[in-house]
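Structural features, examined
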Amino acid sequence: MTIANVIDIALLVFLGLTAFAILKLRALFAVVMLSSVFSLVSACLLVHLDAVDVAFTEAAVGAGISTVLMLATLALTARREKASTRTQALPLIVVFLTGLALVYGTLDMPRFGDPAAPIHHHVAPKYIHDTETEIGIPNIVTAVLASYRGFDTLGEVTVIFTAGIGVLLLLGAFIREPDGLKIQTMHHHLVLRVVTKVLIGPILLFALYVQAHGDYGPGGGFQAGVIFAAAFIIYALVFGLENARLALPGHAVRVLVACGVLLYGGVGIVSILFGENYLNYSVLGSTPVHGQHWGILLVEFGVGLTVSAVMVSTFYAFAGQNPPISDEDW
Amino acid sequence: MIAGDFLGLFNYWIVIVLMMLGLYTVVSRGNLVKKIVGLNIFQTSVFLLYISMGKVTGGTAPILTGKPEVFSNPLPHVLILTAIVVGVATTALGLALVVRIKNAYGTIEEDEVQAADDEREFGNTAGTRDEAR
């Protein structure tokens, strides 16, 4: 048993304990905080499993944005879970049997870390081998994401776009944009105010770095979009939604939601016009590799635009609801 | 051999335990926010399962450095990276639904929502259902 195994097992056990605590606790605030912890620990585990890009995303999304959205929901709904009156026997049996079946299924799986596993001998070796010559960027994950599997990623961006539209429709953000709504802010917390002002600049700068540097290291449009949105969300949390709307109006964000997807799809159309297949970037530059660089840069920017706009407008929609719980009650 | 098998499958087993904890939270708890947290746990476990499968012993993160190295499989990373962001978008959609349910029913407990629906459909059933509890 090596150190790597020990770290692996310790993190997994910690995840199990967190999940169990989430199941048992009835105070929803604690549940949401623990789910944030769960995300952060799983991000650590993902780094350990060599998935640095994924860990980056999980830390930004799971521990950041989804926690904020869940807290916003708690502020609008309830803070305690009522004791359940239903019987627990049937769910327990179902879950136990499902788990048993899955464990039985793992017995035939290739062992953890086995280089001979079939998953490593399908298309993955091609990506690892050809990225340097065909795409010319060091981060293989970005190369696969934006170029080899660009079509899939376009689909994912469309899903995010659709989910964002769904949230806006459900929360009525298209119909009314409340003006002068008295929303609880943390404006009277001096420390929060000062720290936020210091932090916003570096957060935005970091987001731009992650966006631009995604070709060379962990990062890219998805992570950058979430981090960029986080800067606006922290501003709205501390200085109030009205002020955030002055800096970045809700209708402008909604236009940006569509712009990102359009940019992504547009790059595909341009490559068709140049006589290549949809989303084949080779024709966009003087040489195929140069074209790939341009294509990846543009579609990653489109991804970042849509992701950050969806996150910001989702937050606006949640925060625009009138919260029934006052600041002091928290 | 047994020890090798145990270490070789430990990741998958714990991931399955996590998945089942998430699933149990979704099925057994009536609070809708709690259900969404349970769904998130389930989702994260699936992510961990995929990434575990992509790990190669002695491998490193799939970023070219110019040196010949063993890389872990980048393909699951790409799948899961996008899945995480799609996951938060769908979570937001779920939470928006919860907010609307709260506006419509005044509660986010599934049992109470169902009771209110029953009442609306069949008239006042408080005498039968609530006493039975």
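Everything in this summary refers to the structure shown in the same document. A quick note: this is a predicted structure, and the numbers were derived from the prediction, not measured.

What follows covers the overall build of chain B. Secondary structure assignment for chain B yields five helices and zero strands. Its helices and strands in sequence order give chain B the pattern α-α-α-α-α, from N to C terminus. In chain B, the proportion of contacts linking residues at least 24 apart, taken out of those at least 6 apart, comes to 41%.

Take the overall build of chain A next. Across its full length, chain A holds 12 helices and zero strands. For chain A, the sequential pattern of α-helices and β-strands runs α-α-α-α-α-α-α-α-α-α-α-α. Per-residue burial over chain A gives 45% buried out of 330 residues. The long-range fraction of contacts in chain A, counting pairs at least 24 apart against all pairs at least 6 apart in sequence, stands at 71%.

As a further point, take the packing of helix H8 (residues 190–213) of chain A against helix H9 (residues 221–239) of chain A. All names here are of chain A. Where H8 contacts H9, the two axes come as close as 8 Å, and the packing angle between them is 165°. Between H8 and H9, the interaxial angle falls into the category roughly antiparallel. Crossing of H8 against H9: the hand is left-handed. Contacts between H8 and H9 pair Leu 192, Arg 193, Thr 196, Leu 199, Ile 200, Ile 203, Leu 204, Phe 206, Ala 207, Val 210 and Gln 211 from the former with Gly 221, Gln 223, Ala 224, Ile 227, Phe 228, Ala 230, Ala 231, Ile 234, Tyr 235 and Val 238 from the latter. Of the residues contributing to the contact of H8 with H9, the split by class is 16 nonpolar, four polar and one charged.

So, on to the environment of Arg245(A). Structurally, the position occupied by Arg245(A) is in helix H10 (residues 241–247). Linking Arg245(A) and Leu74(A), residues 171 residues apart in sequence, is a C-alpha distance of 23 Å.

Turning next to the environment of Val37(A). Residues and elements named next belong to chain A. Examined against the element boundaries, Val 37 turns out to sit in helix H2 (residues 28–48). The exposure class assigned to Val 37 is partly exposed, which follows from the 18 C-beta atoms found within 10 Å. Between the alpha carbons of Val 37 and Gly 62 there is a distance of 8.8 Å; along the sequence they are 25 residues apart.

A separate point is the interface of chain A and chain B. Contact residues are listed per partner, giving 89 residues for chain A and 72 residues for chain B. For the side of chain A that touches chain B, the element with the highest residue contribution is helix H3 (residues 52–76) of chain A, accounting for 14 residues. Here the residues of the side of chain A that touches chain B are counted per class, giving 52 nonpolar, 26 polar and 11 charged.

Before going further, it helps to examine helix H12 (residues 288–320) of chain A. The first and last C-alpha atoms of H12(A) sit 47 Å apart over 33 residues, in line with the 48 Å expected at 1.5 Å per residue. With respect to burial, H12(A) is a largely interior element, 24 of its 33 residues being buried.

Our next topic: the packing of helix H7 (residues 150–170) of chain A against helix H3 (residues 74–105) of chain B. Two numbers describe how H7(A) lies on H3(B): the axes approach to 9 Å, and their chain directions differ by 15°. As judged from the angle between their axes, H7(A) and H3(B) are roughly parallel. Both H7(A) and H3(B) take part in a crossing whose hand is left-handed. Of the residues in H3(B), those touching H7(A) at Thr153(A), Glu156(A), Val159(A), Ile160(A), Ala163(A), Gly164(A), Gly166(A), Val167(A) and Leu170(A) are Thr82(B), Val85(B), Val86(B), Ala89(B), Thr90(B), Ala92(B), Leu93(B), Ala96(B), Leu97(B) and Arg100(B). Split into classes, the residues belonging to the contact of H7(A) with H3(B) amount to 12 nonpolar, five polar and two charged.

Attention now goes to H7(A). Helix length check: H7(A) (21 residues) gives 30 Å between terminal C-alpha atoms against 30 Å at 1.5 Å per residue, within 8%. Within the sequence span of H7(A), burial applies to Gly150(A), Thr153(A), Leu154(A), Glu156(A), Val157(A), Ile160(A), Phe161(A), Ala163(A), Gly164(A), Val167(A) and Leu168(A). Taken together, the buried residues of H7(A) touch helix H6 (140–148), helix H11 (250–273) and H12 of chain A together with H3 of chain B.

Once that is clear, we can look at the environment of Thr60(B). The topology assignment puts Thr60(B) in the loop between helix H2 (32–54) and H3. Accessibility expressed as a C-beta count within 10 Å gives 13 for Thr60(B), which makes it partly exposed. Considered as a pair, Thr60(B) and Asn31(B) are 29 residues apart in the sequence and their alpha carbons are 42 Å apart. Leaving out residues up to four positions away in the same chain, Thr60(B) has contacts with Asp50(A), Glu69(B), Val70(B) and Phe71(B).

Calculation notes
Throughout, residues of each chain are indexed from 1 in the direction in which the sequence is written. Note on labels: chains are lettered from A, ligands numbered from 1, in written order. Two thresholds apply to this predicted model, a pLDDT of at least 70 for residue-level local features and 80 or more for giving and counting side-chain atom pairs, whereas whole-chain, interface and lining totals are computed over all residues. Helical segments are the DSSP runs of H or I of at least four residues, strand segments are the runs of E of at least two, and each set is numbered from the N terminus. Residues are scored as being in contact if the C-beta atoms we place from backbone atoms lie within 7 Å. Here the C-beta atoms are placed from the backbone, and a residue counts as buried if at least 20 other C-beta atoms lie within 10 Å of its own, exposed if 12 or fewer do, and partly exposed otherwise. Convention adopted: a line fitted to C-alpha atoms gives each axis, helices being fitted over their contacting stretch, and angles between N-to-C directions are expressed from 0 to 180 degrees. When describing relative orientation, an angle under 35 degrees is termed roughly parallel and one over 145 degrees roughly antiparallel, while 65 to 115 degrees is termed roughly perpendicular and anything else oblique. Handedness of each helix crossing follows the sense of rotation of the near helix against the far helix: counterclockwise by less than a right angle gives left-handed, clockwise gives right-handed. For this classification, Asp, Glu, Lys and Arg are treated as charged, while Ala, Val, Leu, Ile, Met, Phe, Trp, Tyr, Cys and Pro are nonpolar and the rest, including Gly, are polar. In this scheme, a helix's expected span is set at 1.5 Å multiplied by one less than its residue total.

By themselves, these are just geometric observations and shouldn't be taken as functional.
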